[in-house]
Amino acid sequence: MMAALRRYLAAGLLIWVPLGVTILIIKFLVDAMDQSLLVLPQALRPDVRIPGLGILLTAAIVIGTGMIVTNLFGRQLFRLGEKVLNRIPLVGAIYGSVKKLTETIFSGSGKSFRRVVLVQYPRAGMWTLAFLTGTGAAEIDARTGCETVNVYVPTTPNPTSGFMLVIPRNEMVELEMSVEEALRMILSVGSVVPETRKEALTADRVDAS
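About the criteria used
- Every chain's residues receive numbers from 1 upward, in the order its sequence appears when written.
- In keeping with the predicted nature of the model, local features appear solely for residues at pLDDT of at least 70, side-chain atom pairs appear and are counted solely at 80 or more, and the whole-chain, interface and lining totals rest on all residues.
- Side-chain measures here rest on the full set of heavy atoms in the structure, leaving out hydrogens and waters.
- Ring geometry is summarised as follows: Phe, Tyr and Trp rings, the Trp one being its six-membered ring, pair when their centres sit within 6.5 Å, and such pairs are stacked at plane angles under 30 degrees, edge-to-face over 60 and tilted between the two.
- Going along the chain from the N terminus, every DSSP run of H or I of four or more residues is numbered as a helix, and every run of E of two or more is numbered as a strand.
- Here the term buried applies to any residue with accessible area under 20% of the maximum for its type, exposed to any over 50%, and partly exposed to those in between, with areas from a 1.4 Å probe on protein chains only.
- Patches in this entry comprise residues that are over 30% relatively accessible and not in a salt bridge; like charges within 9 Å are linked, as are nonpolar side chains (Val, Leu, Ile, Met, Phe, Trp, Tyr) within 5 Å.
- Reported accessibility uses the Shrake-Rupley method at a 1.4 Å probe radius. Residues are deemed covered only where the shown protein chains occlude them.
- One side-chain nitrogen of Lys or Arg within 4 Å of one carboxyl oxygen of Asp or Glu is enough to make a salt bridge.

(A) Quick peek at the packing of aromatic side chains. A full pass over the atoms with the stated rule returns one aromatic pair. Considering the side-chain rings of tyrosine 121 and phenylalanine 163, the 5.9 Å spacing of their centres and the 45° angle between planes classify their relative orientation as tilted. Of the two residues, tyrosine 121 is situated in the loop between strand E1 (116-120) and strand E2 (127-135) and phenylalanine 163 in strand E4 (residues 162-168); the sequence distance between them amounts to 42 residues. For tyrosine 121, a relative accessible area of 27% puts it in the partly exposed group. Its relative accessible area of 41% is what places phenylalanine 163 among the partly exposed residues.

Here is the structure:
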């Protein structure tokens, strides 16, 4: 009887915990974007709070900003604003770091976070998923005597935190797994694996035998 109850409890938690966390995250994002309504004059704000209305305003602001900075005048104005920010102590350092990270993630031409690799971490013989973020610095290559790469090792189940490691290029294993598949595997603590890749590898082993 107790074994059956434990099994039912575990099955129920597997349904409600991911669903509850998802709802809380979406609610947080919606509430945060609804704060964008505060930029409107008091007379234009709706008397009744409409959940999600801020999403439309946020999207309009972001798209409008993109339209402005993609023309010549907007680019010049943006560069002028960046120069001012970069000259402010502390603000310039924070802005520069965040901008570089944003460009790395969202740049369509970049290679960062586009490739999944395996690295031995936290010790030799233990493997973990990581994302290739770039090539190592020239000084590091010169001092270590080998070609290095930078990888980001995310934590599970929260991949937004993790570690940046510099490792020899020949000590990483490149995978065919996509970034989305790797993230699903990390978020599920390894319980969700890429089925298509697994089936393909199984077929390769059968053919080889």
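(B) Structural detail: unusual backbone geometry. Cis peptide bonds are those with omega within 30 degrees of zero, and the linkage from tyrosine 121 to proline 122 qualifies with 5°. With respect to the helices and strands, the residue proline 122 is situated in the loop between E1 and E2. Even without being a glycine, valine 189 presents a positive backbone phi close to 55°. Considering the arrangement of structural elements, one finds valine 189 in the loop between helix H6 (179-187) and helix H7 (195-208). Relative accessible area serves as the criterion here: at 58%, valine 189 is assigned to the exposed category.

(C) Summary view of a nonpolar patch on the surface. A surface patch of nonpolar side chains, about 640 Å² in accessible area, is lined by Phe73, Leu77, Leu80, Val84, Leu85, Ile88 and Val91. A total of five residues in the nonpolar patch trace back to one element, the largest contributor, which is helix H3 (residues 72-86). Classification of phenylalanine 73 by relative accessible area gives exposed; the value is 62%.

(D) The arrangement of the pattern of salt bridges in detail. In total, this model carries three salt bridges according to the counting rule given. Ionic pairing is found between glutamate 139 and arginine 143, a salt bridge with its closest N-O pair at 3.0 Å. Residue glutamate 139 and its partner arginine 143 are located together in helix H5 (residues 138-144), separated by four residues, close to a single helical turn. For the residue pair glutamate 139 and arginine 143, the accessibility class agrees, reading exposed in each case. Note that arginine 169 and glutamate 147 form a salt bridge whose closest N and O atoms lie 3.0 Å from each other. A residue pair is termed long-range when its members are at least 10 positions apart, and arginine 169 in the loop between E4 and strand E5 (173-174) and glutamate 147 in the loop between H5 and strand E3 (148-154) qualify at 22 residues. According to the relative accessible area criterion, glutamate 147 is partly exposed, its value standing at 49%.

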